[in-house]
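Chain by chain, the residues:
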Amino acid sequence: MHIISEQQVHSSLSFKAVIEALKIGFAKPAGTPPRQVFPLTEDANNHDAFAVLPAWNNEVIGVKSFTYFPSNTEKGFKSLYSKIMLFDRQHGEPLALIDGTSVTFWRTASVSALASSYLSRPDSRHLVFFGSGNLALYMIEAHLSVRPIEKVTLVARDKAKVASLISTLSIKFKGIEFISENANEATINSADIVSCATGSHEPLFDGAWLKPGAHVDLIGNHHKQHRECDSITVTRSKLFVDSRVNVLNEAGEVLIPISEGLIDSSFVVAELSELHDVSFVRSGDDITVFKSVGMALSDLLTAHLVYRLVL
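Because the structure is predicted, anything quoted here is derived from the model rather than measured. What you see as residue numbers is a count from 1 along each chain, following the sequence as written. Local features in a predicted model are, by the rule used here, given only for residues with pLDDT of at least 70; side-chain atom pairs are given and counted only at 80 or more, and totals for whole chains, interfaces and linings are based on all residues. As a rule here, side-chain values come from all non-hydrogen atoms in the structure, and water together with hydrogens is ignored.

K.L.:
How would you explain the overall build of the protein chain if you had to name every residue and give the values?
P.N.:
Secondary structure assignment for the protein chain yields 10 helices and 14 strands. Against the compact-globule benchmark of 19 Å for 311 residues, the protein chain has a radius of gyration of 19 Å, which places it among compact chains. If one aligns the C-alpha atoms of the protein chain with their principal axes, the spans along those axes are about 55 × 45 × 45 Å. Any residue under 20% of the maximum accessible area for its type is buried, any over 50% is exposed, and the rest in between are partly exposed; the area is computed with a 1.4 Å probe on protein chains only. Taking all 311 residues of the protein chain together, 50% fall into the buried category. For the protein chain, contacts bridging at least 24 residues in sequence account for 70% of all contacts bridging at least 6. Note on areas: these come from Shrake-Rupley sampling with a 1.4 Å probe, and a residue is covered only by the protein chains present in the view. Roughly 14,200 Å² of accessible area belongs to the protein chain as shown, and the carbon and sulfur atoms make up 53% of that amount. Here the positive residues are Lys and Arg and the negative ones are Asp and Glu; neither His nor the chain ends is included. One atom stands in for each charge, and that atom is NZ of Lys, CZ of Arg, CG of Asp or CD of Glu. For the protein chain, the separation between the mean place of its 28 positive charges and that of its 34 negative charges on side chains is 4 Å. Note on conventions: DSSP H or I runs of at least 4 residues are helices, E runs of at least 2 residues are strands, and numbering of each starts at the N terminus. Here the globule rule reads 2.2 Å times residues to the power 0.38, and the radius of gyration is calculated from C-alpha atoms. Any two residues whose heavy atoms approach within 4.5 Å at even a single point are treated as in contact.

K.L.:
For the sheet that holds strand S4 (residues 60-68), give the residues involved together with the corresponding values.
P.N.:
Two strands pair under a simple rule: DSSP has to find at least two bridges between them. Pairing in this open sheet of six strands is mixed, and the strands run S1-S6-S5-S4-S3-S2 from one edge to the other. Edge strands, defined here as strands with exactly one partner in the open sheet, are strand S1 (2-4) and strand S2 (36-39). Neighbour to neighbour, the strand axes of the sheet diverge by 15° on average, direction disregarded. Relative to strand S3 (residues 49-56), S2 runs antiparallel, the two sharing four bridges. Residue pairing in the sheet places Pro39 in a bridge with Ala49 of S3. The strands touched by helix H3 (residues 100-119) are S4, strand S5 (80-88) and strand S6 (94-99); relative to S5, the strand with the most contacts, the crossing angle is about 90°. Orientation is described by axes fitted as lines to C-alpha atoms, over the contacting stretch for helices, and by angles from 0 to 180 degrees between their N-to-C directions.

K.L.:
Explain helix H2 (residues 15-26) to me, and be specific about the residues and the numbers.
P.N.:
Between the first and last C-alpha of H2 there are 16 Å, a value that for 12 residues agrees with the 16 Å anticipated at 1.5 Å per step. Within the span of H2, buried status applies to Phe15, Val18, Ile19, Ala21, Leu22, Gly25 and Phe26. The arc enclosing the buried residues of H2, seen along the axis, measures out at 160°, which places them on a common side. On its buried face, H2 sits against H3, helix H4 (136-144) and helix H10 (296-310). Helices are assigned an expected span. That span is 1.5 Å times one less than the residue count. Here the arc refers to the directions that run from the helix axis out to each C-beta atom.

K.L.:
So what's going on with the nonpolar core? Which residues, and what values?
P.N.:
Buried Ala, Val, Leu, Ile, Met, Phe, Trp, Tyr and Cys residues form a nonpolar core when they are joined through side-chain atoms within 4.5 Å. Membership of the largest hydrophobic core comes to 66 residues, with the highest contact counts inside it found for Val9, Ile98, Ile140, Leu144, Val152, Phe178 and Leu272. The leading source of residues in this core is H3, at nine residues. Those residues in contact with Leu144 that lie beyond four places of it in its chain are Ile149, Val152, Phe173, Ile176 and Phe178. Core analysis: the next-biggest nonpolar cluster, separate from the first, contains 25 residues, Phe130, Val254, Ile287 and Val293 among them.

K.L.:
Tell me about the sheet that holds strand S13 (residues 268-271), and name the residues and values.
P.N.:
Read across the open sheet, the eight strands follow the order S9-S8-S7-S10-S11-S14-S12-S13; overall the sheet is parallel. This sheet does not close on itself; its edge strands, each paired only once, are strand S9 (177-180) and S13. Here the average twist between neighbouring strands, direction ignored, is 20°. For strand S12 (residues 237-241) and strand S14 (residues 287-291), the ladder comprises five bridges, and the chain directions are parallel. Paired with Ser237 across the two strands is Ile287, which belongs to S14. Of the strands in this sheet, strand S7 (126-130), strand S8 (151-155), S9, strand S10 (193-196) and strand S11 (215-218) are in contact with H4, which crosses S7 at around 160°.

K.L.:
Report on the pattern of salt bridges, specifying residues and quantitative values.
P.N.:
Opposite charge on two side chains permits them to pair, given that their charged atoms come into close proximity. Salt bridge, as used here: a side-chain nitrogen of Lys or Arg that lies within 4 Å of a carboxyl oxygen of Asp or Glu. Taken as a whole and assessed by the stated rule, the structure comprises 11 salt bridges. Across the pair Asp299 and Arg107 runs a salt bridge, and its minimum N-O distance is 2.8 Å. A residue pair is termed long-range when its members are at least 10 positions apart, and Asp299 in helix H10 and Arg107 in helix H3 qualify at 192 residues. Close ionic contact of Lys291 with Glu253 constitutes a salt bridge, the shortest N to O distance being 3.4 Å. You can see Lys291 sitting in strand S14 and its partner Glu253 sitting in helix H9 (residues 252-259), a full 38 residues away along the chain.

K.L.:
Can you explain a nonpolar patch on the surface? Please cite residues and give values.
P.N.:
A cluster of nonpolar side chains, Phe38, Leu40 and Phe50, forms an exposed patch at the surface whose accessible area comes to about 260 Å². Within the secondary structure, Leu40 is located in the loop between S2 and S3. Each patch is assembled from residues with relative accessible area greater than 30% and no salt bridge, linking like charges that lie within 9 Å and nonpolar side chains (Val, Leu, Ile, Met, Phe, Trp, Tyr) that lie within 5 Å.

K.L.:
Hey, could you go over the side chain of Ser124 for me, with residue numbers and the actual values?
P.N.:
The topology assignment puts Ser124 in the loop between H3 and S7. A polar contact is formed between the side chain of Ser124 and the backbone oxygen of Arg121, at a distance of 2.7 Å. Beyond its immediate chain neighbours, meaning those up to four positions away, Ser124 contacts Arg147, Pro148, Ile149, Asp192 and Ile193. A 3.5 Å cut-off defines polar contacts: any pair of N or O atoms within that distance qualifies, except that in protein one atom must be a possible hydrogen donor and the other a possible acceptor, and neighbouring residues in sequence count only when both atoms are side-chain atoms.

Structure follows, in structure tokens:
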């Protein structure tokens, strides 16, 4: 069995390769049981958790396990540790233990970009991105890889992180304008794509500000009672998800409008595994929303790609 490090994951992957692997893999049969997240204490003020995400296809079996200890950073540890165990599908032989945190960065951003390639307008030029955390650089680069973006507006509270991101992105992507702005009506109304990767508990913008034809990408929230977008954004949109089971179990962006009686579960047009042959055809004025909470199949497909590339 091989041990594949974080450095090997990063050095082996490109967004073009990961997005293509996801596109092919999501169109094929796979086993994707609901992921299991286990609170490690009954203390309402403690959010330590352990999660298990299994999946398999006709080539490999995989399980990602991760721990989440949000107060770890105060004690000099990472808040999240993750590993992916990969097995051969034919005989069940263990193949590799792969760093899961780095795989998660790549697959999360690539899932959003794959959804955008299906749902956003092909001529999208302006990306508004909310967030400045560890995923920000991956998310922005992934979106740039699938649409002819000419301008990226970053919105985040930590201005030092935003400035650092803009500096890094400006060096890497010549000819693209990178700016910092607030979440005002003019900024949101000018966006072709709005991508959100934050820990916000409240909606980040007014859904009435979205222009016809906009695409909204939501990945930051995993809680039933919280959300990154308001009900107006959802009810104005055609709604797509990475996984119906996971989103309808975890995502306040969808569960809150359902509780308000504004939509029901049938409002979801399709999940990611259906987008390759779904009958939805975007009109120029359609607003589309893609809500992702993460699913094991994307981990499996990305980890298997790493295994093939490294070995």
